[in-house]
Amino acid sequence: MEHSHHTHHHSEEHRREVSNRLARAIGHLQKVKQMVENDEDCSDVLIQLAAVKSAINNTGKVILKDHMNHCIVHAVEDGDLEMLTELSDAIDKFMK
């Protein structure tokens, strides 16, 4: 099924913020992997893994808020109900 993705371009600042958040989460996840390879305490690994999940969820919130503030506003103005359906599906997948 083809998706008609929006043509709205995100600001350089937004892209940089999301990219930096992802880079930090990736770095943190690599450290967690190293902890596992070093056979560190399971409780400590789980706590650090929870921090990675939190960082990813917060990054998702930043993306979602930007999407709602820009793309969805334009979709509503244009009567683009398909984009609203796509957003709903994406939220369902993200929140699983």
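Analysis parameters
Residues numbered from 1 in each chain as written. Predicted model: local features only at pLDDT ≥ 70, side-chain atom pairs only at ≥ 80, totals over all residues. Heavy atoms only, no water. Helix = DSSP H or I, 4+ residues; strand = E, 2+ residues; numbered from the N terminus. Expected span 1.5 Å × (residues − 1). Buried < 20%, exposed > 50% of the residue type's maximum accessible area, 1.4 Å probe, protein only. Contact = heavy atoms within 4.5 Å. Arc of directions from axis to C-beta. Core = buried A, V, L, I, M, F, W, Y, C linked by side-chain atoms within 4.5 Å. Lys, Arg positive; Asp, Glu negative; His and termini not counted. Salt bridge = Lys/Arg side-chain N within 4 Å of Asp/Glu carboxyl O. Axes fitted to C-alpha atoms, helices over the stretch in contact; angles between N-to-C directions. Parallel < 35°, antiparallel > 145°, perpendicular 65-115°, else oblique. Nonpolar A, V, L, I, M, F, W, Y, C, P; charged D, E, K, R; others polar.

Draft legend 1. Structural context of helix α1 (residues 12-37). For α1, built from 26 residues, the straight-helix expectation of 38 Å at 1.5 Å per residue is met to within 8% by its first-to-last C-alpha distance of 37 Å. Those residues of α1 that fall on the buried side of the exposure criterion are His14, Val18, Ala25, Val32 and Met35. Along its buried surface, α1 packs onto α2 (42-78). Trailing α1 by a residue or two, Asp39 shows a phi angle of about 55 degrees, which is positive.

Draft legend 2. Region of the structure containing helix α3 (residues 81-94). The end-to-end C-alpha distance of α3 is 20 Å, a good match for the 20 Å that 14 residues give at a rise of 1.5 Å each. What α3 keeps buried is the set Met83, Glu86 and Leu87. With its buried residues spanning 100 degrees around the axis, α3 presents them on a single face. The exposed set on the far side of α3, more than 90 degrees from its buried face, consists of Leu81 and Asp92.

Draft legend 3. Representation of the nonpolar core in the model. Listed in full, the 5 residues of the largest apolar core are Cys71, Ile72, Ala75, Met83 and Leu87. Element by element, the count of residues in this core is highest for α2, at 3 residues.

Draft legend 4. Structural view of the side chain of Asp66. As for its placement among the helices and strands, Asp66 is situated in helix α2. An unpaired buried charge is present at Asp66: no salt bridge exists, and Arg15, the closest side chain of opposite charge, is 9.0 Å distant.

Draft legend 5. Structural detail: the packing of α2 against α3. Remark: α2 packs on α3, axes separated minimally by 11 Å, with the N-to-C direction vectors making an angle of 170 degrees. On the basis of the axis angle, α2 is roughly antiparallel to α3. Of α3, the residues touching α2 (which contributes Ile56, Asn57, Gly60, Leu64, His67, Met68, Cys71, Ile72, Ala75 and Val76) are Met83, Leu84, Leu87, Ile91 and Phe94. Looking at side-chain class alone, the contact of α2 with α3 contains 12 nonpolar, 3 polar and no charged residues.

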